[in-house]
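# Structural description and commentary
Below, each chain spelled out in residue letters.
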Amino acid sequence: METSIEQILEEALKALEDASDVETAKALSVRYLGRKGAVTLFLRGISQMPPEKRAAMGKRANDIKNTIDTALKDAVQRFETAQKGLEARIDVTLPGRPVPLGSLHPISLVTQEICDIFVRLGFDIVEGPDVESDWYNFEALNIPKNHPARDMQDTFYVSDNIVLRTHTSPVQIRTMEKQPLPVAVIAPGKVYRRDSDLTHTPMFHQVEGLLVDRQISFGDLKGVLTTFVHQMFDERTSLRFRPSFFPFTEPSAEVDILCVMCRGAGCRVCSQTGWLEILGSGMVHPALYENVGYPAGQSSGFAFGMGVERIAMLKYGIDDIRKYFENDIRFLRQF
Ligand code: DAH
């Protein structure tokens, strides 16, 4: 059955309703009124109709052709006006809107700065996994089964033998296992502890250092760390090596720096002591050499570990460790 001219009209008006631009309206004009358009073909077919119908059908078809034509022309005009209005509202001479650029997080910045200093001193950068075995995180570091650091309170246990590393020290073991003497590496990375308050977050960052050769002394340790502190802060920043204990070093020392806020006079930041603790260090315990198969009695070296958040807090005068992790753009923009 042929499509009736009324159907063609209905279809054309419906299609036009869905159109919203000049291109679509012009395409509809071709589809209905063009040389092979639906209306044109219908008009051509009228000569085949019974003579008594031709006149009325011809008139109706021509009316419909005009209706569609007018509707399409109106639409084209409407779309063109709308488009011009849009263009009129765009001022191409206005300056572009700046795209805000991101910047490095203060923790990334300080980690890089720490690493740069040690790289200049000849250290290589190495990394280890965040998920560690009990062996690398504790046992090989001479941390015995009953050590308080193993307490369920402090360590995130994945399973009996797998933990989220509580420090970057396991990278010392992984490095010595892989590399013969001498080694000089630093290992930046994330560490995890079950702790959360004004000065502790469950995840934080450390940089570990390890230098082992055959005749490394405590004097070398002092020299390297003094150079580091002077470059990280400034030359006026004195250091204090305080006897301490770590299972993986013997002897062990904690390093304090002269308070960067009050220069030793005593203030809130240094709890009136004039000093700030910034890292742990010591001469590598012989048990570690044994655990990695280094030549007994001939290897000597030092290690150290520092918290990046703490160093960044001192460097930038940040008073709450949680600021690093709140993603407040007003805080982050300052670095
Ligand atoms: N691993 C220690 C901690 O997380 C820090 C540390 C102390 C690292 C002494 C060392 C070191 O390499 O010699 O508290």
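A brief look at the structure comes next. It should be emphasised that the depicted structure is a prediction, and the values quoted were computed from it without experimental measurement.

## So, the overall build of the protein chain
- Within the protein chain, the regular secondary structure consists of eleven helices and ten strands.
- Over its C-alpha atoms the protein chain spans a radius of gyration of 39 Å, topping by over 25% the 20 Å that the globule rule assigns to 335 residues.
- Here the protein chain holds 335 residues, and 41% of them are scored as buried.
- Considering only intrachain contacts with a sequence separation of at least 6, the fraction spanning at least 24 residues in the protein chain is 65%.
- Counting every atom, the protein chain has about 19,000 Å² of accessible surface; 54% of that belongs to carbon and sulfur.
- With 38 positive and 44 negative side-chain charges, the protein chain shows a separation of 9 Å between the mean positions of the two kinds.

## Thoughts on the sheet that holds strand β1 (residues 124–125)
- In spatial order, the strands read β1-β5-β6-β10-β9-β8-β7; together these seven strands make up an open sheet with mixed pairing. The outermost strands of the open sheet, each flanked by one partner alone, are β1 and β7 (239–246).
- Summarising the sheet, β1 and strand β5 (residues 183–192) pair through two bridges and their orientation is parallel. Residue pairing across strands places isoleucine 125 opposite isoleucine 186, the latter belonging to β5.
- In the packing of helix α5 (residues 106–120) onto the sheet, the strands contacted are β1, β5, β6 (203–213) and β10 (300–307), and the crossing angle to β5 comes to about 165 degrees.
- Of the strands in this sheet, β5, β6 and β10 touch helix α7 (residues 170–178), which is tilted by about 40 degrees from β6.

## Side note on unusual backbone geometry
- Here the amide bond leading from leucine 181 into proline 182 is cis, since omega sits at -5 degrees, within 30 degrees of zero.
- Inspection of the secondary structure puts proline 182 in the loop between α7 and β5.
- Omega for the peptide link from glutamate 250 to proline 251 comes to -5 degrees, which places this bond in the cis form.
- Looking at the element boundaries, proline 251 is found in strand β8 (residues 249–258).
- Positive phi is not limited to glycine here, since asparagine 142 has a value of about 70 degrees.
- Its location among the elements puts asparagine 142 in the loop between α6 (134–137) and β3 (157–159).
- For asparagine 142, a relative accessible area of 28% translates into the label partly exposed.
- Despite not being glycine, serine 271 has its phi angle at roughly 50 degrees, a positive value.

## Some thoughts on the packing of aromatic side chains
- Evaluated as defined, the whole model comprises eleven aromatic pairs.
- Centroid distance phenylalanine 118 to phenylalanine 228: 5.0 Å. Interplanar angle 20 degrees. Geometry classified as stacked. One end of the pair, phenylalanine 118, is in helix α5; the other, phenylalanine 228, is in helix α8 (residues 218–232), with 110 residues separating them in the sequence.
- Owing to a relative accessible area of 0%, phenylalanine 118 belongs among the buried residues under this scheme.

## Brief notes about helix α1 (residues 5–18)
- Helix length check: α1 (14 residues) gives 20 Å between terminal C-alpha atoms against 20 Å at 1.5 Å per residue, within 8%.
- Against α2 (22–33), α3 (38–45) and α4 (51–89) lie the buried residues of α1.

## Comments concerning the packing of α2 against α3
- At a closest axis distance of 4 Å, the pairing of α2 and α3 adopts a crossing angle of 15 degrees. By the angle between their directions, the pair α2 and α3 is classed as roughly parallel. Note on element contacts: α3 touches α2 through Ala38, Val39 and Thr40, opposite Arg31, Tyr32 and Leu33.
- For the contact of α2 with α3, the class distribution of residues is four nonpolar, one polar and one charged.

## Details of the pairing of β10
- Of all eight residues in β10, seven are buried; the element is thus mostly enclosed.
- In the sheet, β6 pairs with β10 via eight bridges, with the strands oriented antiparallel. Bridging across to β10, glutamate 208 finds its partner in glycine 305.
- Pairing between strand β9 (residues 275–284) and β10: five bridges, direction antiparallel. The partner of methionine 283 across the bridge, within β10, is phenylalanine 302.

## Concerning the site of the ligand
- Of all residues adjacent to the ligand, which total 15 residues, the nearest are His167, Ser169, Arg193, Gln206 and Glu208.
- Between the ligand and the protein, one listed contact pairs an oxygen atom with a side-chain N or O atom of glutamine 172 at 3.0 Å.
- Here an oxygen atom of the ligand and a backbone polar atom of alanine 303 are 3.2 Å apart.
- Notes on the ligand: free accessible area 350 Å², of which the protein chains cover 89%.
- Of the residues assigned to the shell around the ligand, the class counts are four nonpolar, nine polar and two charged.

## Structural notes on the environment of arginine 236
- Inspection of the secondary structure assignment puts arginine 236 in the loop between α8 and β7.
- Relative accessible area serves as the criterion here: at 57%, arginine 236 is assigned to the exposed category.
- Between the C-alpha atom of arginine 236 and that of valine 260, which follows or precedes it by 24 residues, the distance is 9.3 Å.
- Sequence-distant contacts of arginine 236, that is, excluding residues within four places in its chain, are made with Leu258 and Arg263.

The rules behind each value
Residues numbered from 1 in each chain as written. Predicted model: local features only at pLDDT ≥ 70, side-chain atom pairs only at ≥ 80, totals over all residues. Heavy atoms only, no water. Helix = DSSP H or I, 4+ residues; strand = E, 2+ residues; numbered from the N terminus. Rg over C-alpha atoms; globule rule 2.2 N^0.38 Å. Buried < 20%, exposed > 50% of the residue type's maximum accessible area, 1.4 Å probe, protein only. Contact = heavy atoms within 4.5 Å. Areas by Shrake-Rupley, 256 points an atom, 1.4 Å probe, with all protein chains shown as cover. Lys, Arg positive; Asp, Glu negative; His and termini not counted. Charge placed at Lys NZ, Arg CZ, Asp CG, Glu CD. Pairing = 2+ DSSP bridges. Axes fitted to C-alpha atoms, helices over the stretch in contact; angles between N-to-C directions. Phe/Tyr/Trp six-rings, centres within 6.5 Å; stacked < 30°, edge-to-face > 60°. Expected span 1.5 Å × (residues − 1). Parallel < 35°, antiparallel > 145°, perpendicular 65-115°, else oblique. Nonpolar A, V, L, I, M, F, W, Y, C, P; charged D, E, K, R; others polar. Near = heavy atom within 4 Å. Polar contact = N/O pair within 3.5 Å; in protein donor to acceptor, adjacent residues only side chain to side chain.

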